[in-house]
Amino acid sequence: GFDIHHSDPLGGMAVTESGFTKMTRMLMDAAEEVCKGRILFTLEGGYDLSGLTNSVKAVILQLRKTPLYMQEDKASPSSAVTETVKLVKQTLQPYWGEL
């Protein structure tokens, strides 16, 4: 959800548009590694219209591989992320067929 944006009145977190770009890139990399690049995003949360607009744009541009924000260093996903992706893959595998 985009309510984690730094200017959102409800989220109480401090994620910037660049942070959304970096998270999107990490998810895209994980999807490439574990499910042939298949990925699904849904629009959820976000109550500061400017922050929501800019963050959604940043995510879409990253998905198009034309990022608006440059990434600093590329860190590997944590083991918790990797395990979560594996669990999601196992759960959804009957619906996706062979991965």
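Refer to the structure printed above.
Definitions and cut-offs
Residues numbered from 1 in each chain as written. Predicted model: local features only at pLDDT ≥ 70, side-chain atom pairs only at ≥ 80, totals over all residues. Heavy atoms only, no water. Core = buried A, V, L, I, M, F, W, Y, C linked by side-chain atoms within 4.5 Å. Buried < 20%, exposed > 50% of the residue type's maximum accessible area, 1.4 Å probe, protein only. Contact = heavy atoms within 4.5 Å. Helix = DSSP H or I, 4+ residues; strand = E, 2+ residues; numbered from the N terminus. Lys, Arg positive; Asp, Glu negative; His and termini not counted. Salt bridge = Lys/Arg side-chain N within 4 Å of Asp/Glu carboxyl O. Polar contact = N/O pair within 3.5 Å; in protein donor to acceptor, adjacent residues only side chain to side chain. Expected span 1.5 Å × (residues − 1).

Asker: Talk me through the nonpolar core; I want residue IDs and the actual numbers.
Answerer: Membership of the largest hydrophobic core is limited to five residues, which are Phe2, Val15, Phe20, Leu52 and Val59. For Phe20, the contacting residues outside a window of four places in its chain are Gly1, Phe2, Ile4, His5, Val15, Ser55 and Val59.

Asker: Help me get a handle on the side chain of Asp8, residues and values and all.
Answerer: Take Asp8: it is sitting in the segment before helix H1 (17-35). For Asp8, which is buried and forms no salt bridge, the nearest opposite charge comes from Lys57, at a distance of 19 Å. There is a polar contact of 2.8 Å between the side chain of Asp8 and the backbone nitrogen of Leu10. Those residues in contact with Asp8 that sit more than four places away from it in its chain are Phe2, Asp3, Gly46, Tyr47 and Asp48.

Asker: Break down H1 for me, with residues and values.
Answerer: In a regular helix each residue adds 1.5 Å, so 19 residues correspond to 27 Å; H1 covers 26 Å between its end C-alpha atoms and thus fits that length. Within the span of H1, buried status applies to Glu17, Phe20, Thr21, Thr24, Arg25, Met28, Ala30, Ala31, Val34 and Cys35. Where H1 is buried, its residues contact helix H2 (49-63) and helix H3 (79-96). One or two steps after H1, the chain reaches Lys36, where phi turns positive at roughly 55°.

Asker: I'd like a rundown of the pattern of salt bridges, residues and numbers included.
Answerer: Per the counting criterion, the structure on display carries two salt bridges. One salt bridge connects Arg25 with Asp29, and the closest N-O pair in it is separated by 2.8 Å. Here Arg25 and its partner Asp29 are both found in helix H1, four residues apart, which amounts to about one turn of the helix. Lys86 is the partner of Glu83 in a salt bridge, and the nearest nitrogen-oxygen pair spans 3.8 Å. Residue Glu83 and its partner Lys86 are located together in helix H3, separated by three residues, close to a single helical turn. Lys86 sits in the partly exposed class, given a relative accessible area of 42%.

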